[in-house]
Amino acid sequence: MLAISQLAKRFDDGAGLRHLALEGIDLAVGEHAIVALVGTTGCGKSTLLRIVGGLDQPSHGEVILDGRPVQGPTAAVGMVFQEPRLMPWLTVRGNIRLALLDLPRAEQDRRIDGLLDAVGLERFGDALPRQLSGGMAQRTALARALVRQPSILLMDEPFSALDSFTRLKLQDHLAALWAEARFTLILVTHDVEEAVTLADRVVVMAGQPGRIRRELEIDLPRPRRRTAPEVQALKEQIIQALDLS
Ligand SMILES: Nc1ncnc2c1ncn2[C@@H]1O[C@H](COP(=O)(O)OP(=O)(O)OP(=O)(O)O)[C@@H](O)[C@H]1O
Ligand SMILES: [Mg+2]
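Definitions and limits used
Residues numbered from 1 in each chain as written. Chains lettered and ligands numbered in written order. Predicted model: local features only at pLDDT ≥ 70, side-chain atom pairs only at ≥ 80, totals over all residues. Heavy atoms only, no water. Helix = DSSP H or I, 4+ residues; strand = E, 2+ residues; numbered from the N terminus. Rg over C-alpha atoms; globule rule 2.2 N^0.38 Å. Buried < 20%, exposed > 50% of the residue type's maximum accessible area, 1.4 Å probe, protein only. Contact = heavy atoms within 4.5 Å. Lys, Arg positive; Asp, Glu negative; His and termini not counted. Charge placed at Lys NZ, Arg CZ, Asp CG, Glu CD. Expected span 1.5 Å × (residues − 1). Arc of directions from axis to C-beta. Patch = residues over 30% accessible without salt bridge, like charges linked within 9 Å, V, L, I, M, F, W, Y side chains within 5 Å. Areas by Shrake-Rupley, 256 points an atom, 1.4 Å probe, with all protein chains shown as cover. Salt bridge = Lys/Arg side-chain N within 4 Å of Asp/Glu carboxyl O. Near = heavy atom within 4 Å. Polar contact = N/O pair within 3.5 Å; in protein donor to acceptor, adjacent residues only side chain to side chain. Nonpolar A, V, L, I, M, F, W, Y, C, P; charged D, E, K, R; others polar. Domains from an automatic or database assignment. Buried area = accessible area lost by both parts, 1.4 Å probe.

Chemist: I tried to follow the overall build of the protein chain on my own but got confused; where do I start?
Modeler: Within the protein chain one finds seven helices and 10 strands. Relative to the compact-globule value of 18 Å for 245 residues, the protein chain shows a C-alpha radius of gyration of 18 Å, a close match. Projected onto its principal axes, the C-alpha positions of the protein chain cover 50 × 50 × 35 Å. In the protein chain, which comprises 245 residues, the proportion classed as buried is 48%. Once local pairs closer than 6 in sequence are excluded, the contacts in the protein chain between residues at least 24 apart make up 68%. Here the protein chain holds 29 positive side-chain charges and 31 negative ones, and the gap between their average locations is 3 Å.

Chemist: What should I look at first to understand helix 5 (residues 164–181) in this one?
Modeler: A turn of α-helix holds 3.6 residues, and therefore any two residues three or four places apart point the same way. The end-to-end C-alpha distance of helix 5, which contains 18 residues, comes to 25 Å, matching closely the 26 Å that a straight helix rising 1.5 Å per residue would cover. Among all positions of helix 5, only T166, L170, Q171, L174, L177 and W178 are buried. Each buried residue of helix 5 lies within a common arc of 140° when the element is viewed along its axis, so the set occupies one face. Turned more than 90 degrees away from the buried face of helix 5 sit F165 and E180, all of them exposed.

Chemist: Just checking my understanding: could you explain a nonpolar patch on the surface for this structure?
Modeler: A cluster of nonpolar side chains, M87, W89, L98 and L101, forms an exposed patch at the surface whose accessible area comes to about 440 Å². Mapped onto the elements, L98 comes out in the loop between helix 2 (92–97) and helix 3 (105–118). Residue classification places L98 among the partly exposed residues on the basis of a relative accessible area of 38%.

Chemist: I tried to follow the site of ligand 1 on my own but got confused; where do I start?
Modeler: Taken together, 13 residues are adjacent to ligand 1, and T41, G42, K45, S46 and T47 come closest. Within the contact set of ligand 1, an oxygen atom lies 3.4 Å away from a side-chain nitrogen or oxygen of E157. Take H190: an N or O atom from its side chain is 3.1 Å from an oxygen atom of ligand 1. For ligand 1, whose unbound accessible area comes to 630 Å², protein coverage reaches 60%. With three residues, the top contributor of residues to the shell around ligand 1 is helix 1 (residues 45–52). Taken together, the residues that form the shell around ligand 1 break down as three nonpolar, eight polar and two charged.

Chemist: Where do I start with the domain arrangement of the protein chain in this structure?
Modeler: Interface size, as often reported, equals the accessible area lost upon joining of the parts. Split by domain assignment, the protein chain resolves into domain 1 (2–76 + 150–242) and domain 2 (87–148). Computed over C-alpha atoms, the centres of domain 1 and domain 2 are 25 Å apart. Counting residues at the interface gives 13 residues for domain 1 and 11 residues for domain 2. Summing the contributions of domain 1 and of domain 2, the shared interface buries around 1,000 Å²; its carbon and sulfur component is 74%. Of all residues in domain 1, P150, L170 and L177 bury the most surface against domain 2, accounting for 40% of the area lost on that side. Our count for the domain 1 to domain 2 interface comes out at zero salt bridges. A class-by-class count of the residues in the side of domain 1 that touches domain 2 yields 10 nonpolar, two polar and one charged.

Chemist: How do you make sense of the pattern of salt bridges when you look at a structure like this?
Modeler: Two side chains of opposite charge can pair, provided their charged atoms sit close to one another. Applying the stated criterion across every chain yields a total of 15 salt bridges. Among the ionic pairs, R85 bridges to E83, the shortest N-O distance being 2.4 Å. A residue is classified by how much of its surface remains accessible, and E83, at 36% relative accessible area, is partly exposed. The partner of R222 in a salt bridge is D200, and the shortest N-O contact between them spans 3.1 Å.

What follows is the structure, given as structure tokens:
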């Protein structure tokens, strides 16, 4: 359903300084798959995700989503970033409603109620962002991204600013939402254990320019125990592929 072929991205500052951020990226992601993208800082993970989400254009190559080239943001793609990016003057409901303004009010409310329930925020719909914990704010961002029922959800280090306990809870919650709604998920993360616990496939990138260095299938039944020896062994393989030395 998602096909990225021969993708390259060159940033040009207009004064002759050029930076090749991505080169020769080929990646096919099937329906309902979870792909984790890992790689050292600056190897182009966020750039790749932004291009898939239609927020930026490639310099070369193309991204085909559900048979059509991606040319800009659409409701078929949901995005969650490292920080929740909520409007501070709107309540949780108001923030989620922003994604639904073209729908009738009753339909907006029906969808908001369903999503608040799904992310565990049913009692916080009228709260303002400053009244939320970091985890609750990220749950709101997740609800906003899912409320249009996207066929693909793109997440860029969504849990990295959270404490480790909240992060584990949200990982489990995300896995449950995925099992229910079955969207395709591309997750950028620095947390190798998160990648192995959630993904069907881990794509290891390296830069610069950013390229795909290795792909590992994670063929383990769900739910996965983080302490299972198979999970630990895969973590070790990924850390080796990252070549952090
Ligand atoms: N708008 C831009 N203009 C110029 N260069 C950019 C721009 N955005 C990203 N870059 C450069 O492209 C490269 C890839 O950046 P990107 O943010 O995609 O990396 P990343 O893998 O997401 O890193 P991190 O793990 O730190 O988030 C970096 O060298 C960065 O400086
Ligand atoms: Mg990034």
